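# Fold and geometry: a report
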Amino acid sequence: MVKLVDLYKSFGEQTVLNGINLEIPRGKLTFIMGRSGTGKSVLLKHIIGLLKPDRGQILIDGQDVTHLSEKEWQRLRRKFGFLFQEGALFDSMTVAENVAFPLIEHTKLSKKEIQRKVEEKLSQVGLLEARNKYPAELSGGMKKRAALARALALEPEIILFDEPTTGLDPMLQVATMKLIRKTQQQYGLTGVVVTHDVPIALMAADYIAFLNEGRVVAEGTPEEIKKSEHPFVREFLKSAFEGCYPEEGRDVQEKHGD
Ligand SMILES: Nc1ncnc2c1ncn2[C@@H]1O[C@H](COP(=O)(O)OP(=O)(O)OP(=O)(O)O)[C@@H](O)[C@H]1O
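Residues numbered from 1 in each chain as written. Predicted model: local features only at pLDDT ≥ 70, side-chain atom pairs only at ≥ 80, totals over all residues.

By the criterion of burial, helix α1 (residues 40-47) is predominantly enclosed, with six of the eight residues buried. Looking only at α1, the buried set comprises K40, V42, L43, L44, H46 and I47. G49 lies just past α1 and shows a positive phi near 70°. (Buried ≥ 20, exposed ≤ 12 C-beta atoms within 10 Å, placed from the backbone. Helix = DSSP H or I, 4+ residues; strand = E, 2+ residues; numbered from the N terminus.)

And the structure:
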């Protein structure tokens, strides 16, 4: 389980995390939601030690990892898979080489074993046929799936997804989220997904945490979130179902204010 205790983080004058308390349950898919720029990605980066808090604690399976050195983090990060916004495939490598990369870097598996694992992961995401293609030859959805296969290659215990469905058409968004859900359940992974997408979150989440102004303002199962009386959550859900996200509303207000 990942536990965040009273986490604070500022960049210069700007306070982004303002006392975050959150328990991310083991073996479940937890969604972190909130407006653009509210600190969701910053939060994710704290969970894998890419950013350090100014104050507070991060516990992973009971171990306090807040002050680990970079070397200790490198070892610990073996537990994690990440899928960041841009997918970040290596353009000069084929799909299969991309998936093999973490296995070559972090394991002592033989070439044959690596090939077998790469093929297994690519079949899981339905990309075996595309294994010799380069990222430039793939569609957006295929890139996401290739990045997912690579994130799964080391068979992590915890997997973090930053906006895994952004930029995909609605059918691919649902298909990608179903794939994430299926894989998470199949391996009993602890998954954390950052997204703005309310319908996707309500469909796939075991647990949802809403961030606003640097704090968790509401958390619970999708059913509990749907019934939340918190004004921010109500507004966020309402806007999503009107097909208008809150940040678009803010843009409009700002333009009117000019
Ligand atoms: N390394 C950094 N240095 C300075 N400011 C940063 C840094 N990383 C993030 N920020 C700032 O922190 C705030 C939160 O950023 P973050 O990327 O976490 O937002 P987000 O909630 O993930 O947004 P979005 O939904 O648009 O991806 C932003 O104002 C951003 O400019």
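Here we come to the site of the ligand. Surveying the vicinity of the ligand reveals the residues F11, V16, G34, S36, G37, T38, G39, K40, S41, V42 and H196. A total of three residues in the shell around the ligand trace back to one element, the largest contributor, which is α1. (Near = placed C-beta within 6 Å.)

Quick look at the nonpolar core now. One finds A149, L160 and I208 to be the most contacted residues of the largest nonpolar core, which totals 62 residues. Sorting elements by how many residues they give to this core places helix α5 (residues 140-152) first, with six residues. (Core = buried A, V, L, I, M, F, W, Y, C linked by C-beta atoms within 7 Å.)

Bringing the sheet that holds strand β9 (residues 207-212) into the picture now. What the six strands build is an open sheet, ordered β6-β7-β8-β3-β9-β10; its pairing is mixed. Among the strands making up the open sheet, the edge pair consists of β6 (80-83) and β10 (215-220). Across the sheet, the mean angle from the axis of one strand to that of its neighbour is 15°, orientation sign disregarded. Here α5 sits on the sheet in contact with β6 and β7 (158-162), set at roughly 170° to β6. (Pairing = 2+ DSSP bridges. Axes fitted to C-alpha atoms, helices over the stretch in contact; angles between N-to-C directions. Contact = placed C-beta atoms within 7 Å.)

What links the strands of a sheet is backbone hydrogen bonding, and the strands pair in either a parallel or an antiparallel sense. What the four strands build is an open sheet, ordered β2-β1-β4-β5; its pairing is antiparallel. What marks the edges here is a single partner per strand, and that holds for β2 (14-24) and β5 (63-64). Relative to β5, strand β4 (residues 55-60) runs antiparallel, the two being bridged by two bridges. If you follow I60 over to β5, its bridge partner there is Q63. The strands that α1 touches are β1 (2-11), β2 and β4; relative to β2, the one it contacts most, it runs at about 60°.

Note that every value here comes from positions in space, so none of it alone points to a role or purpose.
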